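So the chains spell out like this:
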Amino acid sequence: MPGEAAQGRGPMAGHVNGAIGLKMAHPERTVVVGCGDGCYSLSGFELMTAVEHEIPVIWVIFDDQEFKLIKLFQLVTYAETALVEFQNPDFASYARACGADGYRVETLEEFEDAFRAALSTGWPTLIDARITRWAVPHYSPSPDGVIAGLVETVEARFRDR
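Because the structure is predicted, anything quoted here is derived from the model rather than measured.

Chemist: Looking at this structure, I do not really get the overall build of the protein. What am I missing?
Modeler: From N to C terminus, the protein includes 7 helices and 4 strands. Element order for the protein, N to C, with α for helix and β for strand: α-β-α-α-β-α-α-β-α-β-α. Residues classed as buried in the protein amount to 34% of the 161 residues present. Looking at the protein as shown, the accessible area adds up to about 9,900 Å², and 58% of this sits on carbon and sulfur atoms.

Chemist: Would you mind showing me how to read the pairing of strand 1 (residues 31-36) here?
Modeler: Only one face of strand 1 is buried: it carries Val 31, Val 33 and Cys 35, and the other face, with Val 32, Gly 34 and Gly 36, is open. As paired strands, strand 1 and strand 2 (residues 57-63) are joined by 6 bridges and run parallel to one another. Each residue of the ladder has a partner; that of Gly 34, found in strand 2, is Val 60.

Chemist: Just to check I follow, could you spell out unusual backbone geometry for this structure?
Modeler: Keep in mind that most residues, glycine aside, have a negative phi and that most peptide bonds are trans. The backbone phi angle of Glu 54 is positive, close to 55 degrees, even though this residue is not glycine. Residue classification places Glu 54 among the exposed positions, given a relative accessible area of 56%. Even without being a glycine, Ala 79 presents a positive backbone phi close to 60 degrees. Its location among the elements puts Ala 79 in the loop between helix 4 (68-78) and helix 5 (91-98).

Chemist: Would you explain the nonpolar core in this entry?
Modeler: Nonpolar side chains in soluble globular proteins tend to end up buried together. Counting 20 residues, the largest nonpolar core has Cys 35, Tyr 40, Leu 47, Val 57, Trp 59 and Leu 126 as the members making the most contacts within it. Elements supplying a minimum of two residues to this core: helix 1 (14-25), strand 1, helix 2 (37-41), helix 3 (46-52), strand 2 and helix 5. Filtering out sequence-adjacent residues up to four positions away, Leu 47 remains in contact with Tyr 40, Trp 59, Tyr 94, Ala 95, Cys 98, Ala 100, Pro 124 and Leu 126. Core analysis: the next-biggest nonpolar cluster, separate from the first, contains 7 residues, Ile 58, Val 60, Ile 127 and Ala 129 among them.

Chemist: Where do I start with the packing of aromatic side chains in this structure?
Modeler: Aromatic rings in a pair are described by how distant their centres are and how their planes are angled relative to each other. One pass over the structure, following the stated rule, counts 2 aromatic pairs. With 5.7 Å between their ring centres and 85 degrees between their planes, Tyr 40 and Phe 91 make a pair best called edge-to-face. Of this pair, Tyr 40 sits in helix 2 while Phe 91 sits in helix 5, placing them 51 residues apart in sequence. As far as burial versus exposure is concerned, Tyr 40 and Phe 91 are alike and both buried. A ring pair is formed by Phe 111 and Phe 115, whose centres lie 5.6 Å apart and whose planes are at 20 degrees; its orientation type is stacked. With Phe 111 and Phe 115 both in helix 6 (residues 108-121) and 4 residues apart, the pair spans about one turn of that helix. Given the relative accessible area of 22%, Phe 111 is considered partly exposed.

The rules behind each value
Residues numbered from 1 in each chain as written. Predicted model: local features only at pLDDT ≥ 70, side-chain atom pairs only at ≥ 80, totals over all residues. Heavy atoms only, no water. Helix = DSSP H or I, 4+ residues; strand = E, 2+ residues; numbered from the N terminus. Buried < 20%, exposed > 50% of the residue type's maximum accessible area, 1.4 Å probe, protein only. Areas by Shrake-Rupley, 256 points an atom, 1.4 Å probe, with all protein chains shown as cover. Pairing = 2+ DSSP bridges. Core = buried A, V, L, I, M, F, W, Y, C linked by side-chain atoms within 4.5 Å. Contact = heavy atoms within 4.5 Å. Phe/Tyr/Trp six-rings, centres within 6.5 Å; stacked < 30°, edge-to-face > 60°.

Quick look at the structure:
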């Protein structure tokens, strides 16, 4: 069904490449993409297009080496996970190899420095932000948050058995 993916089924990577179109439509605006490492890995070659055409988009990759939302879905649905953890390349080195600016950061202070530099250069930039796997995105079927949503779902499964 058209549009179904955008209705809560976890569309991935559309904004990674869509950012270039957004920047072209609004060249006066700063365009920053925040995405997970799995999401970026499903796309990511747009970086070379941005370099070739000098389109200054900033990509911030939240790098925890797993498909977080898929993992949460699997935990809720099956009470176990599979095939959601992986090893990443050095995204900052990849960016530099493509001709973009690339930074790998592990602290908030390093991120602030890299982001400030990205804003000042007017050049395509990728920031590989290493994060803990305990960093849970703010997506949940529960208004009380992700953890509460998981607990509610598990409790409902036990009640329905």
